Amino acid sequence: MFESFFPKPKIFFTSVLIWTALAIAIWYGAGDSIGAALGFALPEPEGEPIVGLSYFYTSSFLWFYVYYIVWSVAFAAFWFFYSPHKWQWWSILGSAFILFTTYFGVQVSVALNNWRRPFFDQFQQALTGDGTVSQDDLYNLIIIFCQIAFISTVVFVVTRFFVSHYVFRWRTAMNNFYMERWPRVRNIEGASQRVQEDTMRFASIMEGLGVAFVDAIMTLVAFLPILWSLSQYVTELPLVGEIPHALFIALLFWAAFGTGLLALVGIKLPGLEFRNQRVEAAYRKELVYGEDDPSRAQPPTTRELFDNVRRNYFRLYFHYMYFNIARGFYLQADNIYVHILLVPTIVTGRITLGIWQQILTAFGQVSNSFQFLINSWTTIVELISIYKRLHAFEAVFRGQELAEIDRKYLEEQGDGYAQHVADPAPGGGGPDPVQTVQDPKR
């Protein structure tokens, strides 16, 4: 799955984490001084947030663009030299481009959040009817919104278009990797499904889920400092009273509670989804054999195999039932959580309508990012199940030990099942797929 597209995956992803941590440390530690030495006017003057397109070409942003490009190119150059890979332009530089466009898209959301304060403050003032806010004032702010929204649309379209091509290249790499080994893997049970369907589904899920995950991380990076700053307006919480950075702390508590709750409640789902694919494959395989061999797919056999399918689905329905109960109650409570937190602040008149809008938006952005696991859990479960199937598939043709869930499944099915789902490989070298499947220890 990974070595087909990335060079030396374990070392590569470890180096990504180290390189990223080093980049962040330098940026927040000595970034301003380095940028100032290179001629960028840093830091930006403090005060009201910058509203409009000028937000994207401040000296801080221009310095960030240069810093990111240099840092990414240096990382790519090292890997191009250390471990050349046929897909390195897509896997390394393509990943860097996706990270940048995703981060830029999040910054567009920050620019829109900056716009909300002046617009809704003027909106609130205009409702008083004192004549201090003219139509031109509001129209000008609406025009600024349209400009930022146009940038947002362009960034979204470019990112999605590129990601679609990026993920299909990844699927192509996996397909080529498996097909090069087809003589050794074609007799493994479900080989055609692994190569065609699972790689397709892996690519499709990664296209949406991968971008959503990166977007969640980038949103946290961009909006957490904003929420920290906005916490100065909210000093008191219901039941708790006054605490420093009350809004920020309340969000962290709520997000950690929800993530932990849903992870605990849904802990059984990945294994059940994985087993579901196994029992479906066994039933389908027997029916395929029955198309050519009248002695196969007889009622006793098919009834037993379909009973396995039904039993697993009923278990899935039961576990998803209580998972959805917990998820539904949490998400409904999340809709009013921030409003409950703001009640003591609102009734004392310490914030304006514009600040209220900024708080709601920033809180929602950060909350949704922290709740990525909650909102995407069913898709994550499906991806984990696909990963487990492909990993088990690779383990068989590599002669590696099967995962526990595979060993349990084969033990439940018995040697007879293993014998009729995998035929001896005709030559081709490597471990015998039948022996590998039949012997759980292997």
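Everything below is about the structure printed above this text.
Computed from a predicted structure; not experimentally measured.

1. Brief notes about the pattern of salt bridges
Okay, step 1: Here the structure, examined in full by the defined rule, presents two salt bridges.
Okay, step 2: With its nearest N and O atoms 3.0 Å apart, the salt bridge here joins Arg296 to Glu286. In this pair, Arg296 sits in the loop between helix H8 (269–292) and helix H9 (299–347) while Glu286 sits in helix H8, placing the two residues 10 residues apart along the sequence.
Okay, step 3: By relative accessible area, which is 22% here, Arg296 ends up partly exposed.
Okay, step 4: Note on Glu286: relative accessible area 3%, which makes it buried.
Okay, step 5: Residue Arg310 pairs with Asp307 through a salt bridge whose shortest N-O separation is 2.8 Å. Taken together, the residues Arg310 and Asp307, both in helix H9 and three residues apart, mark about one turn of the helix.
Okay, step 6: Under the relative-accessibility criterion, Arg310 is labelled partly exposed at 41%.
Okay, step 7: What makes Asp307 partly exposed here is its relative accessible area of 24%.

2. What to know about the side chain of Thr102
Okay, step 1: Examined against the element boundaries, Thr102 turns out to sit in helix H3 (residues 88–127).
Okay, step 2: Note on Thr102: relative accessible area 6%, which makes it buried.
Okay, step 3: A polar atom in the side chain of Thr102 sits 2.7 Å from the backbone oxygen of Ile98.
Okay, step 4: Sequence-distant contacts of Thr102, that is, excluding residues within four places in its chain, are made with Thr159, Val214, Asp215 and Met218.

3. Description of a nonpolar patch on the surface
Okay, step 1: Together, Ile24, Tyr28, Phe213, Ile217 and Val221 line one region of the surface with nonpolar side chains, adding up to about 490 Å² of accessible area.
Okay, step 2: Elements supplying a minimum of two residues to the nonpolar patch: helix H1 (9–37) and helix H6 (191–230).
Okay, step 3: In terms of residues, the nonpolar patch owes the most to one element, H6, which gives three residues.

4. Some words on the packing of aromatic side chains
Aromatic ring pairs are defined here through the distance separating the ring centres and the angle between the ring planes.
Okay, step 1: Tallied over the full model, the rule gives 54 aromatic pairs.
Okay, step 2: Measuring from centroid to centroid gives 6.0 Å for Trp27 and Trp63, while their planes differ by 25°, and the two rings are stacked. Of the two residues, Trp27 is situated in helix H1 and Trp63 in helix H2 (residues 59–82); the sequence distance between them amounts to 36 residues.
Okay, step 3: Look at Tyr55 and Phe56: their rings are 5.5 Å apart centre to centre, the planes differ by 80°, and that puts the pair in the edge-to-face class. The exposure classification of Tyr55 matches that of Phe56, with both residues buried.

What counts and how
- Residues numbered from 1 in each chain as written.
- Predicted model: local features only at pLDDT ≥ 70, side-chain atom pairs only at ≥ 80, totals over all residues.
- Heavy atoms only, no water.
- Salt bridge = Lys/Arg side-chain N within 4 Å of Asp/Glu carboxyl O.
- Helix = DSSP H or I, 4+ residues; strand = E, 2+ residues; numbered from the N terminus.
- Buried < 20%, exposed > 50% of the residue type's maximum accessible area, 1.4 Å probe, protein only.
- Polar contact = N/O pair within 3.5 Å; in protein donor to acceptor, adjacent residues only side chain to side chain.
- Contact = heavy atoms within 4.5 Å.
- Patch = residues over 30% accessible without salt bridge, like charges linked within 9 Å, V, L, I, M, F, W, Y side chains within 5 Å.
- Areas by Shrake-Rupley, 256 points an atom, 1.4 Å probe, with all protein chains shown as cover.
- Phe/Tyr/Trp six-rings, centres within 6.5 Å; stacked < 30°, edge-to-face > 60°.

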